[in-house]
2 protein chains.
Amino acid sequence: MENFVYSVPTRIYFGKGQIQNLGTAVREWGGRALLVYGGGSIKKTGLYDTVMRLLKESGVAVTELSGVEPNPKITSVREGVRLCRENGVDVVVPVGGGSTIDCAKVVAAGACYGGDAWDLVIHPEKIGKVLPVVAVLTLAATGTEMNGNAVISDRSKNDKFGTFSQNMKPKASILDPEYTFSVSRKQTAAGTADIMSHIFEAYFNNVPGAFTQSRIAEALLKTCIHYGPVALEQPENYEARANLMWVSSLAINGLIGCGAPVGWTVHPMEHELSAFYDITHGVGLAILTPHWMKYVLNENTVGKFVEYGVNVWGIDAGLDRFEIANRAIAETAAFFKKLGIPATLREVGIGGENLEVMARKSVACMGNGFVPLRAEDVLAIFRAAL
Amino acid sequence: MENFVYSVPTRIYFGKGQIQNLGTAVREWGGRALLVYGGGSIKKTGLYDTVMRLLKESGVAVTELSGVEPNPKITSVREGVRLCRENGVDVVVPVGGGSTIDCAKVVAAGACYGGDAWDLVIHPEKIGKVLPVVAVLTLAATGTEMNGNAVISDRSKNDKFGTFSQNMKPKASILDPEYTFSVSRKQTAAGTADIMSHIFEAYFNNVPGAFTQSRIAEALLKTCIHYGPVALEQPENYEARANLMWVSSLAINGLIGCGAPVGWTVHPMEHELSAFYDITHGVGLAILTPHWMKYVLNENTVGKFVEYGVNVWGIDAGLDRFEIANRAIAETAAFFKKLGIPATLREVGIGGENLEVMARKSVACMGNGFVPLRAEDVLAIFRAAL
């Protein structure tokens, strides 16, 4: 196990009706809020009205940034920064899924930064002071509600980068599983794949002795495997939605990555797909993951795949090692198929035209992962996934 | 899953040499520290000198409270409160195991309270402001380094109570597994039993849908079962010490108890044993646990024991339910025996003389546990454990 610093200051209000704490949680940080949301689904569900009423009752003045898009754009961030400055905003309140919260976090950082907000995306070390963020989550997927990460795109350059700051961790997040009842089958499936990919990125590592972390990662994977299909079939099953929501936060809040730093391999690959084609992030991850697994399976890595197969999929530990590993990979692909996620890039409109450039760009953003990849390795994985 | 609020603001510095962060972590809170420690083992190991040097280098003035005993006494707390007031202490720095840190936390609360510190032990709601605590942990057991709990005894009345405040959570804790290399076989075994008991108290619950929490609890139990015996045989095995240390914190920092409130059954029983006989807490827990399990196993509870047996001990899920449950309980008892822990109360000097009064006092401190117990139930468990 490697040395680590673990610090998760976000206060989580979890469960039915926890929105009642919004006013207090926001008021703690000031009286002028920037409300950030997406395409207006929160207006259909009535959540917008609830939030506005609660903020008003707490004496909070609200400025709005609406229309934040999936794969949030730097243009939205810049608009948010402008609104913060013009209105002397004290606290940023995103209400939505990962894209909305990611956008809000970089807005909060950008409001305290003298230059252009894109600097903070490509140079995380430039993030200093950040306005407090109090988030209301409506989609279980990215885990942004409990960490310092954000991913922002610049479509003008087909760029999509992740940034991070300890200071961007939300001060509080409200997680009411009932808000995810209305999430579509497709988004529920993609969210589950996203959560699982976060866990895989941490779980597949070469660090000796990160036993606790691996066992917890398996616990989280088993929860996704158990409840993902339930949420698809019964969208208003509270326990399924609650478990997926809580796992989404735990998968990427530092818990399973501490002591065994996360290499980030499949995420940078997928970031190129969604930067170039604007596809759903979780779908891209689900398509790539089994192909990545097959590509990196070898004599050195088979042990970790055996752990995965036996502990997560319950495959007989007495079988041959590669047999277990290959079965585990097949189970993974079959699970994503069961969730109704396309299995190939062509099905989501991606052809061979940009594979080389995407491969080159992705390796520039990779950590020193489970199996370090070069551009030609990524290209081979992309081609296998076509 | 029930509603919950999750907030763990403690910053953990984990690993070899993390003590180098002590000066900065303390200085953040002020220039006058109360150093709290126990019987002087930190002087033998050299840790005392290191701590004093680092605090001095950071310009921190140090007052000392030494001699904090196992099962820390209210008399030590009162002395610490006096020292805080006389010396205008800004920050309390315990260096030691659970007893030292528990004592320091109540000292930190007592220093900001007008009345006698015992009030804060029996009336947790009276705890208001608390001086910041920065802890250095030298024993993996109680988890106090990452939560708001403390247990204090008043030997003059054979009283031992747990108290809690969100404000008593340490601001930072330094966890260097190497500090536990010198922990004796007996204390290593007792610490492992204490960790496992914290997990059991949370794991055995009746809350439907707390799936994530149960799977994580099993992950932590498997870590204890894997590494407890390794640490006993190879006291300087870093991975064993590191995993036990990190699990000790995760077992009782709110992670596995959120959404499925912890009932606390075996701990209050054991508190009476150590209040009356001053035995090692973890030893008392290990003696009582299998007897408690046998006592509460019935048609309503067998399902949870099946989960435990299959997921933690790998018992064949195809067996009869009660067969699985009884095997799981037998495995639990055998594991504690393997750790060298006595199996009966008589072996630790406890006879039948105080069983009734201890049973009566313990039920007064029990939550609404997995199976609610009356004094006669506790008495039956005590008698079975004789």
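Starting from 1, residues in each chain are numbered consecutively following that chain's sequence as written. Chains carry letters and ligands carry numbers; both start at the beginning, A for chains and 1 for ligands, and go up in the order they are written. Since the coordinates come from a predicted model, pLDDT governs what is reported: local features require at least 70, and pairs of side-chain atoms require 80 or more to be given and counted, while whole-chain, interface and lining totals use all residues.

Chemist: Give me the interface of chain B and chain A: which residues, what numbers.
Modeler: By the convention adopted here, residues are in contact when the distance between their C-beta atoms, placed from the backbone, does not exceed 7 Å. Taken together, the contacts link 33 residues of chain B with 33 residues of chain A. Secondary structure elements follow DSSP: runs of H or I of four or more residues count as helices, runs of E of two or more count as strands, with numbering from the N terminus. Residue assignment for the side of chain B that touches chain A shows that the elements contributing at least two residues are β1 (4-14), α8 (211-233) and α9 (238-250) of chain B. Basically, the charged four are Asp, Glu, Lys and Arg, the nonpolar ten are Ala, Val, Leu, Ile, Met, Phe, Trp, Tyr, Cys and Pro, and anything else, Gly included, counts as polar. Grouping the amino acids of the side of chain B that touches chain A by side-chain chemistry returns 16 nonpolar, 10 polar and 7 charged.

Chemist: I'd like a rundown of the relation of the copies chain B and chain A, residues and numbers included.
Modeler: Relating one copy of the chain to the other takes a rotation about an axis and a shift parallel to that axis. Superposition record for chain B on chain A: RMSD 0.0 Å, screw rotation 180 degrees, translation along axis 0.0 Å. Such a combination of rotation and displacement between the chain copies is what one expects of a two-fold axis. Closest approach to the rotation axis among the C-alpha atoms of chain B is made by B:Pro9, whose C-alpha sits 2.3 Å away. Both copies present the same face, since 100% of the interface residues in chain B are matched by interface residues at the equivalent positions in chain A. Alignment of copies: least-squares fit on C-alpha atoms of residues with pLDDT of at least 70 in both copies.

Chemist: Could you give an account of the domain arrangement of chain A, naming the residues involved and the relevant values?
Modeler: All names here are of chain A. Once the domains are mapped, chain A shows domain 1 (11-179) and domain 2 (183-385). What marks off one domain from the next here is an automatic or database domain assignment. Relative placement of domain 1 and domain 2: their C-alpha centres are 27 Å apart. Of all the elements in the fold, those that place two or more residues in the side of domain 1 that touches domain 2 are β1 (4-14) and β7 (159-164). Counting residues per element, the side of domain 1 that touches domain 2 draws most heavily on β7, at 3 residues. Taken together, the residues of the side of domain 1 that touches domain 2 sort by class into 9 nonpolar, 6 polar and 3 charged.

Chemist: Describe in detail the environment of A:Ser165, supporting the description with residues and values.
Modeler: Residue and element names in this part refer to chain A. Position of Ser 165 relative to the elements: it lies in the loop between β7 and β8 (172-175). Sequence separation between Ser 165 and Ala 150 is 15 residues, and the spatial gap between their C-alpha atoms is 8.9 Å. Every residue in contact with Ser 165, bar those within four places of it in the chain, is listed here: Ala 109, Pro 124, Ile 127, Val 130 and Gly 148.

Chemist: Tell me about helix α8 (residues 211-233) of chain A, residues and numbers included.
Modeler: Residue and element names in this part refer to chain A. Multiply 1.5 Å by the residue count of a helix minus one, and that product is the helix's expected span. For α8, built from 23 residues, the straight-helix expectation of 33 Å at 1.5 Å per residue is met to within 8% by its first-to-last C-alpha distance of 34 Å. The bend reported for a residue corresponds to the angle between axes fitted to the seven residues ending at that residue and the seven starting there. Approximately 30 degrees is the largest bend angle found in α8, and it occurs at Tyr 227, with the proline Pro 229 only one to four residues beyond. Of all the 23 residues making up α8, 17 are buried; the element is thus mostly covered by neighbouring parts of the structure. Labels follow a simple rule on C-beta atoms placed from the backbone: if 20 or more others lie within 10 Å of a residue's own, it is buried; if 12 or fewer, it is exposed; otherwise it is partly exposed.

Chemist: How would you summarise the pairing of β7(A) if you had to cite specific residues and measurements?
Modeler: All names here are of chain A. Both strand β6 (residues 149-154) and β7 contribute to a ladder of 6 bridges, which runs antiparallel. Bridging from a neighbouring strand, Ala 150 pairs with Thr 163 of β7. Counting the residues between successive antiparallel strands, the hairpin from β6 to β7 contains 4 residues, one of them, Asn 158, with a positive phi of roughly 50 degrees. Here, strands pair whenever DSSP counts at least two bridges between them.

Chemist: Summarise the packing of helix α7 (residues 185-203) of chain A against α8(A); cite the residues concerned and give the values.
Modeler: All names here are of chain A. Where α7 meets α8, the axes come as close as 10 Å, and the angle between the chain directions of the two elements is 170 degrees. Judged by the angle between their axes, α7 and α8 are roughly antiparallel. When α7 is examined against α8, the residues Arg 185, Thr 188, Ala 189, Thr 192, Ile 195, Met 196, Ile 199, Ala 202 and Tyr 203 are found in contact with a partner set consisting of Ser 214, Ala 217, Leu 220, Leu 221, Cys 224, Gly 228, Ala 231 and Leu 232. Residue composition of the contact of α7 with α8, grouped by class: 12 nonpolar, 4 polar and 1 charged. Lines fitted to C-alpha atoms define the axes, with helix axes restricted to the stretch in contact, and inter-axis angles between N-to-C directions lie between 0 and 180 degrees. Angles below 35 degrees are treated as roughly parallel, those above 145 as roughly antiparallel, those between 65 and 115 as roughly perpendicular, and all remaining angles as oblique.

Chemist: Report on the sheet that holds strand β5 (residues 134-137) of chain A, specifying residues and quantitative values.
Modeler: What the 12 strands build is an open sheet, ordered β3(A)-β2(A)-β4(A)-β5(A)-β8(A)-β1(A)-β1(B)-β8(B)-β5(B)-β4(B)-β2(B)-β3(B); its pairing is mixed. Only two strands of the sheet have a single partner each, and these edge strands are β3 (61-65) of chain A together with β3 (61-65) of chain B. For this sheet, the mean angle separating the axes of adjacent strands, direction not counted, is 25 degrees. With 2 bridges connecting them, strand β4 (residues 91-96) of chain B and strand β5 (residues 134-137) of chain B associate as parallel partners. Within β5(B), the position partnered with B:Gly96 by the bridge is B:Leu137. The sheet strands contacting helix α5 (residues 98-110) of chain B are β2 (32-36), β4 and β5 of chain B, and the helix crosses β4(B) at an angle near 170 degrees.

Chemist: Which residues make up the packing of helix α11 (residues 281-296) of chain B against helix α15 (residues 375-385) of chain B, and what values go with them?
Modeler: All names here are of chain B. Between α11 and α15, the least distance of the axes is 9 Å, while the angle of their chain directions is 125 degrees. As judged from the angle between their axes, α11 and α15 are oblique. For the crossing formed where α11 meets α15, the hand is right-handed. Between α11 and α15, the residues in contact are Ile 287, Leu 288, His 291, Trp 292 and Tyr 295 and Asp 377, Ala 380, Ile 381, Ala 384 and Ala 385, respectively. Along the lines of polarity and charge, the residues of the contact of α11 with α15 split into 8 nonpolar, 1 polar and 1 charged. In a left-handed crossing the near helix is turned counterclockwise from the far helix by less than a right angle, and in a right-handed crossing that turn is clockwise.

Chemist: Account for the confidence of the model for chain A, with residues named and values stated.
Modeler: Per-residue confidence from the predictor is given as pLDDT, running between 0 and 100. Residue-level pLDDT values for chain A average 96, and 100% of them are 70 or greater. Interface confidence for the predicted complex, given as ipTM, is 0.95, next to a pTM of 0.96.

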